[in-house]
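Working through the structure, step by step
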Amino acid sequence: GESVGLHLPTLSVQEGDNSIINCAYSNSASDYFIWYKQESGKGPQFIIDIRSNMDKRQGQRVTVLLNKTVKHLSLQIAATQPGDSAVYFCAEITGGYNKLIFGAGTRLAVHP
Amino acid sequence: KAGVTQTPRYLIKTRGQQVTLSCSPISGHRSVSWYQQTPGQGLQFLFEYFSETQRNKGNFPGRFSGRQFSNSRSEMNVSTLELGDSALYLCASSPFPGSGNTIYFGEGSWLTVV
């Protein structure tokens with residue numbers, strides 16, 4: 001099958017609205033936090049990352065916020081488009097390894 | 001520049017058989033890691049290789065193994081397949097370990113165990 005996210009929480013938004021996807025992480029020692037987008041039938045695609053010593057980072061139409069006090073990460077997508085429909089994962093990474101610890105994922109559904 | 005290439009894309013195996021999946025990293029990338037993705041468990045780290053050495057291993061049974069060749073290409077093997085091994089197996093490459101924001105994924109190999 002082509003879907004690996006059958007039971008994920010879903011965020012439904014109207015095209016043009018802003019979307020906010022949230023993620024709780026577990027390891028306070030993580031160095032990097034990364035957001036990935038996964039479209040149906042494809043591998044995860046890097047969106048944006050943030051180092052643990054930052055609170056906010058902006059990209060094109062996307063902003064990531066990091067709250068280390070409550071171990072919370074969010075991804076804000078401005079002016080959401082139908083092409084943004086996908087499953088979004090946060091991931092954390094620690095030390096000199098490329099071992100990503102992924103969150104459960106959120107499905108974003110954009111309606112015209 | 002070609003991306004991460006995984007083969008085969010789809011395969012069906014019978015319980016008890018073994019399977020080998022292949023991954024060719026992005027040119028110049030020397031670190032390769034593998035992940036298993038299932039609806040129930042999500043994305044889980046299997047192992048990471050760099051310079052033909054396994055640097056890190058996830059919490060999977062010994063039936064799951066891997067290796068990396070001198071050209072950085074990697075293979076993973078699952079022996080004595082179980083129904084629960086049905087999953088999307090993803091390979092990711094990066095220039096070197098610790099390069100967290102430059103990890104790129106392939107399209108994955110869909111394994112169905114019947």
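Residues numbered from 1 in each chain as written. Chains lettered and ligands numbered in written order. Predicted model: local features only at pLDDT ≥ 70, side-chain atom pairs only at ≥ 80, totals over all residues. Heavy atoms only, no water.

Some remarks on the overall build of chain B
Quick note on the threshold: Only DSSP runs of H or I reaching four residues or more are called helices, and only runs of E reaching two or more are called strands; each is numbered from the N terminus. Burial classification: accessible surface area is computed with a 1.4 Å probe over protein chains only, and a residue below 20% of its type maximum counts as buried, one above 50% as exposed, and the rest as partly exposed. By definition, residues are in contact when any of their heavy atoms lie within 4.5 Å. To be clear on the numbers: accessible area is Shrake-Rupley with a 1.4 Å probe, and residue cover counts the displayed protein chains and nothing else. The charged-residue count follows a simple rule in which Lys and Arg add positive charge and Asp and Glu add negative charge, with His and chain termini not counted at all. Lys charges are placed at NZ, Arg charges at CZ, Asp charges at CG and Glu charges at CD.
The helix and strand tally for chain B stands at zero helices and 11 strands. Starting at the N terminus and ending at the C terminus, chain B contains elements arranged as β-β-β-β-β-β-β-β-β-β-β. Counting only C-alpha atoms and orienting by the principal axes, one finds that chain B spans roughly 35 × 25 × 25 Å. Out of the 114 residues belonging to chain B, those deemed buried represent 52%. Considering only contacts within chain B whose residues lie at least 6 apart along the sequence, 54% involve residues at least 24 apart. Put simply, chain B shows about 5000 Å² of open surface, and 48% of that area lies on carbon and sulfur atoms. Taken as two groups, the 10 positive and 6 negative side-chain charges of chain B have centres that lie 2 Å from each other.

What about unusual backbone geometry?
Residue Pro8 of chain B is reached from Thr7 of chain B by a cis peptide bond, and omega for that bond is -10°. Its location among the elements puts Pro8 of chain B in the loop between strand 1 (5–7) and strand 2 (10–13).

So, the environment of Leu21 of chain B
Residue and element names in this part refer to chain B. Within the secondary structure, Leu21 sits in strand 3 (residues 19–24). The sequence separation of Leu21 and Gly62 amounts to 41 residues, and the corresponding C-alpha distance is 16 Å. Beyond its immediate sequence surroundings of up to four residues, Leu21 is in contact with Thr7, Pro8, Leu11, Trp34, Ser74, Glu75, Met76, Tyr89 and Ser109.

A closer look at the pattern of salt bridges
All names here are of chain B. Our working rule: Salt-bridge detection follows one rule: a side-chain nitrogen of Lys or Arg within 4 Å of a carboxyl oxygen of Asp or Glu.
Within the structure shown, the criterion is met by nine salt bridges over all chains. Among the ionic pairs, Glu75 bridges to Arg73, the shortest N-O distance being 3.4 Å. Residue classification places Arg73 among the partly exposed positions, given a relative accessible area of 24%. Within this structure, Arg63, Glu82 and Asp85 form a network of salt bridges that share partners.

Some points on the state of the cysteines
All names here are of chain B. Formally: For the purposes of this analysis, a disulfide is any pair of cysteine sulfur atoms at a distance within 2.5 Å.
This structure, assessed with the given rule, holds two disulfides over all chains. Through a disulfide, Cys23 is tied to Cys91; the S-S separation comes to 1.8 Å. Since a negative S-S torsion denotes a left-handed disulfide, the Cys23-Cys91 link at about -65° is left-handed. Of this pair, Cys23 sits in strand 3 while Cys91 sits in strand 9 (residues 87–94), and the two are 68 residues apart along the sequence.

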